[in-house]
Amino acid sequence: MATADIGLIGLAVMGQNLILNMNDHGFVVCAYNRTQAKVDHFLANEAKDSQIIGATSIEDLCSKLKRPRKVMMLVKAGSAVDSFIDQLLPFLEQGDIIIDGGNSHFPDSVRRAKTLAEKGILFVGSGVSGGEEGARFGPSLMPGGNPQAWPFIKPIFQAIAAKAPDGAPCCDWVGEEGSGHYVKMVHNGIEYGDMQLICEVYQIMKEGLGMSSDEMADTFEEWNKGKLDSFLIEITRDILRFKDEDGTALVEKIRDTAGQKGTGKWTGIDSLDRGIPVSLIGEAVYARCLSSLKDERTRASKILVGPTSQVVDKSDFLDALGEALYAAKIVSYAQGFMLMRQAASDYGWNLNFAGIALMWRGGCIIRSAFLGKIKDAYTVNPSLENLLFDPFFTEATATAQSAWRKVIAMAVTQGIPTPALSTSLNFYDGLRHEMLPANLLQAQRDYFGAHTYELLSNPGTHIHTNWTGKGGNVSSTNYDA
Ligand code: 2AM
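All values derive from a computational prediction rather than experimental measurement. (Residues numbered from 1 in each chain as written. Predicted model: local features only at pLDDT ≥ 70, side-chain atom pairs only at ≥ 80, totals over all residues. Heavy atoms only, no water.)

Engineer: Whenever I open this one, the sheet that holds strand β7 (residues 140-145) confuses me. Can you help?
Structural biologist: Two orientations exist for strands paired in a sheet by backbone hydrogen bonds: parallel and antiparallel. Strand order across the open sheet formed by seven strands is β3-β2-β1-β4-β5-β6-β7, with mixed pairing between neighbours. Lying at the two open borders of the sheet, with one neighbouring strand each, are β3 (53-54) and β7. Note: strand β6 (residues 122-129) against β7, six bridges, orientation antiparallel. Across the sheet, Val 124 pairs through a bridge with Gly 145, a residue of β7. Against the sheet, helix α5 (residues 106-118) engages β5 (97-100) and β6, with an angle of about 155° to β6. (Pairing = 2+ DSSP bridges. Helix = DSSP H or I, 4+ residues; strand = E, 2+ residues; numbered from the N terminus. Contact = heavy atoms within 4.5 Å. Axes fitted to C-alpha atoms, helices over the stretch in contact; angles between N-to-C directions.)

Engineer: Help me understand the packing of aromatic side chains, please; the structure alone is not making it clear to me.
Structural biologist: To describe a pair of aromatic rings, you give the distance between the ring centres and the angle between the ring planes. What the rule picks out here adds up to 16 aromatic pairs. A cation over a ring is seen here: Lys 265 above Trp 266, with NZ or CZ 5.9 Å from the ring centre. A cation sits over an aromatic face here: Arg 367 above Phe 231, 4.1 Å from the ring centre. (Phe/Tyr/Trp six-rings, centres within 6.5 Å; stacked < 30°, edge-to-face > 60°. Lys NZ or Arg CZ within 6 Å of the ring centre and 35° of its normal.)

Engineer: Explain unusual backbone geometry here, please?
Structural biologist: Trans peptide bonds make up most of the peptide bonds, and negative phi angles are found at most residues other than glycine. Of note, the amide linkage connecting Arg 67 to Pro 68 takes the cis form, showing an omega dihedral of -15°. Mapped onto the elements, Pro 68 comes out in the loop between α3 (58-63) and β4 (70-73). Located in the positive-phi region is Asp 49, a residue other than glycine, with phi close to 60°. Residue position: Asp 49 is located in the loop between α2 (36-44) and β3. Positive phi is not limited to glycine here, since Ala 450 has a value of about 50°. The class of Ala 450 is buried, set by a relative accessible area of 12%. (Buried < 20%, exposed > 50% of the residue type's maximum accessible area, 1.4 Å probe, protein only.)

Engineer: Help me out: how do you make sense of the pairing of β4 in this one?
Structural biologist: Sheet faces and side chains relate simply in a regular strand, where the side chains alternate between the two faces. Here β4 shows no split at all, with Lys 70 and Met 72 on one side and Val 71 and Met 73 on the other all buried. With four bridges connecting them, β4 and β5 associate as parallel partners. Paired with Met 73 across the bridge in β5 is Asp 100.

Engineer: Before we go on, may I ask you to explain the environment of Met 195 in this structure?
Structural biologist: Positionally, Met 195 belongs in helix α8 (residues 179-208). Residue classification places Met 195 among the partly exposed positions, given a relative accessible area of 32%. Other than its neighbours up to four places away in sequence, Met 195 contacts Leu 232 and Arg 288.

Engineer: Can you walk me through a nonpolar patch on the surface in this structure?
Structural biologist: Taken together, the side chains of Phe 242, Leu 250 and Ile 254 define a hydrophobic patch exposed on the protein surface, amounting to about 290 Å² of accessible area. By secondary structure assignment, the location of Leu 250 is in the loop between α10 (231-241) and α11 (263-274). (Patch = residues over 30% accessible without salt bridge, like charges linked within 9 Å, V, L, I, M, F, W, Y side chains within 5 Å. Areas by Shrake-Rupley, 256 points an atom, 1.4 Å probe, with all protein chains shown as cover. Salt bridge = Lys/Arg side-chain N within 4 Å of Asp/Glu carboxyl O.)

Engineer: Would you mind showing me how to read the site of the ligand here?
Structural biologist: In the vicinity of the ligand, the residues found are Gly 10, Leu 11, Ala 12, Asn 33, Arg 34, Thr 35, Lys 38, Leu 74, Val 75, Lys 76, Ala 80 and Phe 84. At a separation of 2.7 Å, an oxygen atom of the ligand approaches a polar side-chain atom of Asn 33. In the environment of the ligand, an oxygen atom lies 2.6 Å from a nitrogen or oxygen atom belonging to the side chain of Lys 38. (Near = heavy atom within 4 Å. Polar contact = N/O pair within 3.5 Å; in protein donor to acceptor, adjacent residues only side chain to side chain.)

Engineer: Which parts of the structure should I look at to understand the UniProt feature "binding site: substrate" (unreviewed entry) in the protein chain?
Structural biologist: Feature annotation in UniProt places "binding site: substrate" (unreviewed entry) on Asn 103, Ser 129, Gly 130, Gly 131, His 187, Asn 188, Tyr 192, Lys 261, Arg 288, Arg 445 and His 451, given in this structure's numbering. On the basis of their most widely separated C-alpha atoms, the annotated residues across 349 residues do not gather in one place, lying as much as 49.7 Å apart. Residue position: Asn 103 is located in the loop between β5 and α5. What makes Asn 103 exposed here is its relative accessible area of 61%. With sequence-adjacent residues up to four places away left out, Asn 103 is seen in contact with Ala 77 and Lys 184. Among the structural elements, Asn 188 can be located in helix α8. According to the relative accessible area criterion, Asn 188 is buried, its value standing at 11%. (UniProt positions renumbered as here; feature names shortened; annotations may be inferred.)

Engineer: Sorry, what's going on with the nonpolar core here?
Structural biologist: Among soluble globular proteins, nonpolar side chains are generally buried collectively. With 86 residues, the main nonpolar core has Leu 321, Met 340, Ile 356, Trp 360 and Ile 374 as its most contacted residues. Per-element tally for this core: the top contributor is helix α14 (residues 318-347), with 18 residues. Contacts of Trp 360, omitting those with residues within four sequence positions, involve Ser 140, Met 142, Val 183, Val 186, His 187, Ile 190, Phe 337, Met 340, Ile 366, Arg 367, Ser 368 and Leu 371. By size, the runner-up hydrophobic cluster in this structure holds 33 residues, among which are Ile 19, Ala 149, Ile 160 and Cys 171. (Core = buried A, V, L, I, M, F, W, Y, C linked by side-chain atoms within 4.5 Å.)

Structure below.
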């Protein structure tokens, strides 16, 4: 009997919590898992006294779903997803919907969307952010794929998603094919950037301003009341206040080597592939790499010489620090949206940029008040070329500019590493230069490799100069490596 609104495969914590969340919102969910015992256990425990039903096989699952069938998978990324798709196909009909809510790499979702479309099955790859807690009480959901699926899954997805402070669901349609998983990847990269910026600010506070953990916590608390209001600032405040059993700040005892699972790296690699300078995320990934070279750094700290540092008076510096953090964050998001814009163009996706900002507004790690401003910018102008061109952000960076420069100059003078803060300003200065020194670079390439160059006065025509008077006039064929 077809009674369930949606089927869900994969009863690890994320899957279970999404099912319970859907149940809370009145949807009947049919649960299935490769290992059947988990279904029985779930029904007898977490799902007791709910409307949730179970399935004993894929066939049983499909027979219990209302049409068009909606099956969501939360299983290990990779071959398990393909395997379940293959198992589902014999029991699905044209117009049925398969949703992959796992951590799939976006090219897999592009492939699955294409092959399933040929079979008349609507594929959706959805980013799910917010961890176990988010899945249970309101995740940020980023669904992309076959647009025909959206009207059918929208009521469920928007009901279970986190809500922004104005009540808007943090879930909207992202775009075609693998765009949902692509946007989730960029989200994770931006998360790396946001965290690294906060960590650099912390090091400036500690080393450059000589602040105690409690003083730092007070500053983050203040910042969290203004334009920097965000989840990451809030938890940083709490972490800095947290005392170990001996009454000192626990954070100072934590070994300074960062782990990573790879999503930041994937964003960095993708940005290199597309030729988009997402330098802040790149620096954030490299900063984690450098941090993990603890032994080498320990040796270097005894060999390499830095400047004689003096503690700077914090009273007139903390506001500047907040401004610098804000400006750097704007640049990071501008870079992230540049990357998504390029991917949209490369793949022919109609990306919903205002929707993306809204989806990140709540439920996920990078949630912040600031994302509301980004949403506004893309709502006013959906084809905005660069976030920095939106009047609000042009003004915000202009206002922050002198503080931003002051903070980075101080860090450089004091020898405090600020890779992400510094690259944000370098990117800003690079972007606003009509003329960069790549004219000389092109001349060098032509000099040693006859790679040719164009004249400012005649773009599109490639010419070669015999710079030395020797070696003839042969130019290499044009290439774009
Ligand atoms: P299991 O409980 O049978 O291991 C997270 O690991 C989820 O993905 C679990 O529901 C797990 O099922 C499922 N999963 C992992 N690898 C799988 C595979 N190769 N085939 C089917 N399900 C798999």
